[in-house]
Structures are given as structure tokens and as C-alpha cells.
Amino acid sequence: MFNFKETEAAKSLSFLTPGVYTMKISDVKLDKYPKGQPYLGLTFTTEDDLSFTEKMGFSSEKAREVFMSRLQYLHEAWTNKKLDKVFKSAEEIESYFKKCFVNPKAGTRNIVVGGDDNGK
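Before going into details, it helps to say that this report is about the structure given with it. (Residues numbered from 1 in each chain as written. Predicted model: local features only at pLDDT ≥ 70, side-chain atom pairs only at ≥ 80, totals over all residues. Heavy atoms only, no water.)

## Looking at helix H2 (residues 90-101)
No. 1: With 12 residues, H2 should cover 16 Å at 1.5 Å per step; its first-to-last C-alpha distance of 16 Å lies within 8% of that length.
No. 2: Considered for burial, the residues of H2 that qualify are Ile-93, Glu-94, Phe-97 and Phe-101. In an axial view of H2, the angular spread of the buried residues amounts to 100°, which keeps them on one side of the axis. Exposed residues pointing more than 90 degrees away from the buried face of H2 are listed as Glu-91 and Lys-99.
No. 3: Along its buried surface, H2 packs onto strand S1 (19-32), strand S2 (38-46) and helix H1 (61-79). (Helix = DSSP H or I, 4+ residues; strand = E, 2+ residues; numbered from the N terminus. Expected span 1.5 Å × (residues − 1). Buried < 20%, exposed > 50% of the residue type's maximum accessible area, 1.4 Å probe, protein only. Arc of directions from axis to C-beta. Contact = heavy atoms within 4.5 Å.)

## Some details on the sheet that holds S1
No. 1: If you walk across this open sheet you meet the 4 strands as S3-S2-S1-S4, and the pairing is antiparallel. Lying at the two open borders of the sheet, with one neighbouring strand each, are strand S3 (51-57) and strand S4 (109-113). Strand-to-strand twist of the sheet, defined as the mean angle between neighbouring strand axes without regard to direction, takes the value 45°.
No. 2: Of the pairings in the sheet, the one linking S1 to S4 comprises 5 bridges and is antiparallel in character. Counterpart to Thr-22 in the pairing with S4 is Asn-110.
No. 3: Against the sheet, H1 makes contact with S1, S2, S3 and S4, and its axis sits at roughly 135° relative to S3, the strand it touches most.
No. 4: Each of S1 and S2 touches H2; the most contacted strand, S1, lies at about 145° to it. (Pairing = 2+ DSSP bridges. Axes fitted to C-alpha atoms, helices over the stretch in contact; angles between N-to-C directions.)

Shown next, in the form of C-alpha cells:
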């Protein structure tokens, strides 16, 4: 049941407008889209605790190529090292990236958030 009788309207929303933010990777998690296709979600969090999750699917051969290319880009940009490991499963990828990025030693990076800001 959803009882709206005593529900107040939201006064403000917290979201990321286009710009450059100092962010850390706060979570790496395997999950599934509503139709069941798997994805790896990387949650980026700003210094002000605003966050977004980048979901990268890999259920088809083409999606897998894009998935691996995006993760390679992220790894090289964040660590200045090429990722040359072979993973047997998506769970191994999740574990590796969680260990690599979700820790204080991983630090923060400046991330550009794009989008349309005309709705203000």
C-alpha cells in the first residue's frame, strides 16, 4: 500500500549537474537489469556524498567487448597501468575491481559528468 495522505512533496533533489567532480569509487557490484541481463555497477561518490552508478552490461559478444574496453580504460586512467589479467568469471572481475578501487589507497580522481543542464 502507498498512502500519500500525509506525504509532503520533496523540497529539493540532490543530483549531479554537468561539471567536474572529485570522486572516488565507493562500490563495485555485480547485479542484473530487470530483464535479467547481468551488469557490473561501479558507484562513483563525490566529496559531498552525491553518487551515481555506472552500469556496464556484458551479456552479448559486442557488449562484452565494450565492457572490457571500458574497464581497461578505467584501470589505466586510475592506476596508470594496463590490466593484463585473465578472469574466469564476472565474479572474479567484481572481486578484482572492488579490491583495486574500493579502498582508501585508491584515492580520488577528477571526473567529468556530462549531460543537459537546460532543465533548471
